[in-house]
Each structure stands twice: as structure tokens, then as C-alpha cells.
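Chains, contacts and geometry: an overview
Spelled out, the chains give:
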Amino acid sequence: MKICVFGAGAVGGHIAGRLAAAQAEVSIVARGEQLAAIRRQGLRVETHDGELVSHPVATDRPGDLEPQDLVIVAVKAPALPAIAEQVGSLLGEDGLALFVMNGIPWWYFHAHGGPLDGTRLQRLDPGRVLWDHVGPERAVGAVAYTACSVIAPGVIRAENPRNRLVVGRPDGRPDARLDTLASLLNPSGLETSVTPRIRDAIWAKLLMNLIGGSLAVLSTSPMKDVLDKPAIAGTAKAMAAEGAAIARALGCDPGDPYEGLGKLAKSGHLQSIAQDLQAGRPMEIDAMFRVPLELAELMQVPTPNLDLVIELATQRARAAGQYRDTSTVVSVSR
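What you are looking at is a predicted structure, and each value in this text was computed from that prediction instead of being measured. (Residues numbered from 1 in each chain as written. Predicted model: local features only at pLDDT ≥ 70, side-chain atom pairs only at ≥ 80, totals over all residues. Heavy atoms only, no water.)

**Some details on the pattern of salt bridges**
For clarity, the threshold we go by: The salt bridge definition used is simple: a Lys or Arg side-chain nitrogen within 4 Å of an Asp or Glu carboxyl oxygen. The helix count covers DSSP runs of H or I at least four residues long, the strand count covers runs of E at least two residues long, and both are numbered beginning at the N terminus. When accessible area is computed with a 1.4 Å probe and restricted to protein chains, residues below 20% of their type maximum are described as buried, those above 50% as exposed, and intermediate ones as partly exposed.
Summed over the entire model, instances satisfying the criterion amount to 22 salt bridges. Among the salt bridges present, the one from Arg157 reaches Glu46, with a minimum N-O distance of 3.2 Å. Here Arg157, found in strand β11 (residues 155-158), pairs with Glu46, found in strand β3 (residues 43-47); they are 111 residues apart in sequence, far enough to count as distant. Looking at Glu46, the relative accessible area reads 24%, which means it is partly exposed. Of the charged contacts in the structure, one is a salt bridge between Asp276 and Arg281, with a shortest N-O distance of 2.8 Å.

Listed below in C-alpha cells is the structure:
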């Protein structure tokens, strides 16, 4: 199975390193110093079990690669529309595009069932370029539980002793290619499971992002240094309950909303969206914050605590010049 990792940053580079360690046929699309370093000295992934060093094919020209059975897309949500055509052209005749991302994905309502089936999220896919060039029927959802950072060009540190990846098709159907991916990654130390209910997994992680991400943007601190304050912890608990209510209104089971809150309270890792703020990079405000609240409005779920904290976090991103609201209407259409 030919696998390309499109975006070899912290998460993408980690996955690529694990695949290479499993002797998979893997290539990387990267750019800038990251690409130069990988070509020069290989890809280095530091884990709790030791360092993984590999030398995958690396390029900034996706068109130079052969058609792929699986393209693992690991770029931030704001960058997706700009690479949609390249991702689509990389896919083989029956290829799949697996999107590893935080927040609500652009394909969310494909094969959803019910009255919202087929609804497109314009805020996440303006001009429907992802819908047209990749196609929701070829999309696979993925949720990563792995605290990673690029500590030097070509060098990635995976900070968690346990790293997990949950994958699944929007339509819930089994797929042998996803089973093969799991069989490659599991022995490498990245625990990978295939689920028929990927939206449940998306919401379980999103509850943590709604709280940890927004509070980290406001505080630029790890959650263990934030959620130990009783006033903030109380608000965070209310935010978790509101996020779970949105998920359930959409027919999802996010699990115990307070379980993730407990994990956040022990985390010494700065949330990735706060890292983006500090580094001056575009931030995933829409996928992680704005679209979930628009879905709450659509489903008539009250979210006063989320509304306040997320509006403050969004304002900080705007003030830093790292977020521009391109939509002034509720972002769903048929």
C-alpha cells in the first residue's frame, strides 16, 4: 500500500516516522526547512521508547509522486482549501484521503443521515474546493491523541508515553485499507483503532479542544496551570456540558464530558492552537471554535459559557492578525 503523508509537521511527521519504522512504503510532502532537513539527515522522531530515524521520499512537488492508495493529510484546517487540488491529484483510482485534524471536518455531514445529510460547511470549505477535488466519499476521519512538537527542522518529539489514533469512514463502513494502516502503526507504538462511529470520536476530542484550546489562547499556559483555579475550573466544567449537549443534539455520543477535562487538568503540554498563536501561524479558529457554535445555534442548543470564552479567544486571534472571519452568516448550506 502506497501511503503519502501530506504535511510533515509535528503530527504528520510523527505518523510518517512511525510508518517508516514499520517498513511501510511512505512518502512525504513537506516544504521549507523541514523538507531540506529531512532530505539532508532523514526524519527523526523522538519517543519515550527511543529515537526513530528514517529516510522517506520527501518532496514539495506532489505531482512528482505516483498515485497513492492513502494520503494522510496533516495540515491545519485553514490550509486545506489551498491544497485540495493537490491532494485530489495524488489519490489513486480507489485512493482515500485521511484527514488528521482538530475540530469539525469539512466532510462532517456526508453520509450523516437524517435531514442534515449532505449539508456543506461553507466556512470550512469555501468554494467547495475540497468537496469537488477530493470528494467526501473518499474522505476518512482521524482523531489523534499525541502531544508532538517540532523541536528542530526534521526533528519531532512525541511527548506522550502513549499515543493513539482513531480512524473511520464517514459512512461507517469497514475498509481493508484502514485495517492495513492500523496493522502497520500498532506495532510501531502508535495505537490505531478503526471505528464505525468516527463522529463520536471527533466530538470526544473536540470537547477537550473547546476548553483547552480556548483557555490556552487566552492564557498561553498549559492546562495544569489554568484549571487548578476554582473559578476557571467551574467555567470549564460548564463548557464541557455545553459541548456534550451539542454533540448529543447531532446524534453523537461524546462519552463522559468530564473525563477529558480531568486529563486536561494534568496536562503540561501547551495546546497546539496556542503554539500557533505564539509562532504567528494561522489558527484553527473556525474548525475548533466557530463552526461548533454555529452547529449549536442550528440545533438550538444554548451555550453561554462557550460563547463568552470562545468570543474572547477569537478576539485575541483577530488582534494578533492570525484570524480573519471570512463568513458573516451561519455556515451551512445544501
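**With respect to the nonpolar core**
We count it as follows: Each nonpolar core is a collection of buried residues, namely Ala, Val, Leu, Ile, Met, Phe, Trp, Tyr and Cys, held together in the definition by side-chain atoms within 4.5 Å. We call two residues in contact when some of their heavy atoms are within 4.5 Å.
Within the largest apolar cluster, 77 residues are counted, with the highest numbers of intra-cluster contacts made by Leu80, Ile104, Trp106, Trp203 and Leu295. The biggest single contributor to this core is helix α6 (residues 198-219), with 12 residues. Contact partners of Ile104, with chain neighbours within four places excluded, come to Leu121, Leu124, Trp203, Leu206, Ala287, Val291, Pro292 and Leu295. Counting residues in each nonpolar core, the second largest holds 35 residues, with Ile3, Val26, Leu70 and Leu96 among its members.

**Comments concerning empty space enclosed by the protein**
Spelled out, the test is: The rule is simple: put a 1 Å grid over the protein atoms alone, call a set of points where a 1.4 Å probe fits but cannot get out a cavity, call an open set with protein on both sides within 12 Å along at least five of seven lines a pocket, and count a residue as lining if it has an atom within 4 Å of a point. Grid points are joined across faces, edges and corners, and a volume is the space filled by probe spheres set on the points.
Inspection of every chain in the model, using the stated rule, returns 1 cavity of 30 Å³ or more. In this structure, the largest cavity spans a volume of roughly 50 Å³. In this structure, the largest cavity is lined by Phe99, Met101, Gly103, Pro105, Trp107, Gly141, Ala142 and Ile202.

**Quick notes on the environment of Ala317**
Note that Ala317 resides in helix α11 (residues 304-319). With 41 residues separating them along the chain, Ala317 and Asp276 place their C-alpha atoms 9.9 Å apart. Beyond its immediate stretch of four places on either side in the chain, Ala317 contacts Met283, Ile285, Gln322 and Tyr323.

**Details of the packing of helix α7 (residues 230-249) against α11**
Test applied: Each axis is a line fitted through C-alpha atoms, and for a helix only the stretch in contact is used; angles between axes span 0 to 180 degrees, taken between their N-to-C directions. Under this scheme an angle from 65 to 115 degrees is roughly perpendicular, one under 35 degrees roughly parallel, and one over 145 degrees roughly antiparallel; angles in between are oblique. Crossing handedness follows the turn of the near helix against the far one: under a right angle anticlockwise gives a left-handed crossing, and clockwise gives a right-handed one. Gly is placed with the polar residues, together with every amino acid not listed as nonpolar (Ala, Val, Leu, Ile, Met, Phe, Trp, Tyr, Cys and Pro) or charged (Asp, Glu, Lys and Arg).
In the contact formed by α7 and α11, the axes pass within 8 Å of each other and the chain directions differ by 110°. With respect to each other, α7 and α11 are oriented roughly perpendicular. In terms of crossing hand, the pair formed by α7 and α11 is left-handed. Along its contact with α7, which presents Thr235, Ala238, Met239, Glu242, Gly243 and Ile246, the element α11 presents Pro304, Asn305, Leu306 and Val309. Split into classes, the residues belonging to the contact of α7 with α11 amount to 6 nonpolar, 3 polar and 1 charged.

**Brief notes about a nonpolar patch on the surface**
Quick note on the threshold: Surface patches are drawn from residues lacking salt bridges whose relative accessible area is over 30%; two like charges belong together within 9 Å, two nonpolar side chains (Val, Leu, Ile, Met, Phe, Trp, Tyr) within 5 Å. Shrake-Rupley sampling with a 1.4 Å probe provides the accessible areas, and residues are treated as covered by the protein chains on show and by no other component.
Judged by side-chain polarity, Leu218, Leu308 and Leu312 come together as a nonpolar surface patch covering roughly 270 Å² of accessible area. On the secondary structure map, Leu308 appears in helix α11.

**A short note on helix α10 (residues 285-298)**
What counts is decided by this rule: Multiplying 1.5 Å by the helix residue count minus one yields the expected span of that helix.
For α10, spanning 14 residues, the distance from its first C-alpha to its last is 18 Å, which sits close to the expected 20 Å at 1.5 Å a residue. By the criterion of burial, α10 is predominantly enclosed, with 12 of the 14 residues buried. Listing the buried residues of α10 in full gives Ile285, Asp286, Ala287, Met288, Phe289, Arg290, Val291, Pro292, Leu293, Glu294, Leu295 and Ala296. Just past α10, the residue Gln300 takes up positive phi, approximately 60°.

**Focus: the side chain of Thr146**
Heads up, the condition is: Throughout this description, a polar contact denotes any pair of N or O atoms lying within 3.5 Å of each other; where both atoms belong to protein, one of them has to be capable of donating a hydrogen while the other can accept it, and for residues adjacent in sequence the pair is counted only when both atoms sit in side chains.
Topologically, Thr146 is positioned in the loop between β9 (139-145) and β10 (148-152). Judged by its relative accessible area of 16%, Thr146 is buried. A polar contact is formed between the side chain of Thr146 and the side chain of His14, at a distance of 3.2 Å. Those residues within four positions of Thr146 in sequence are excluded, and the remaining contacts are His14, Asn160 and Asn163.

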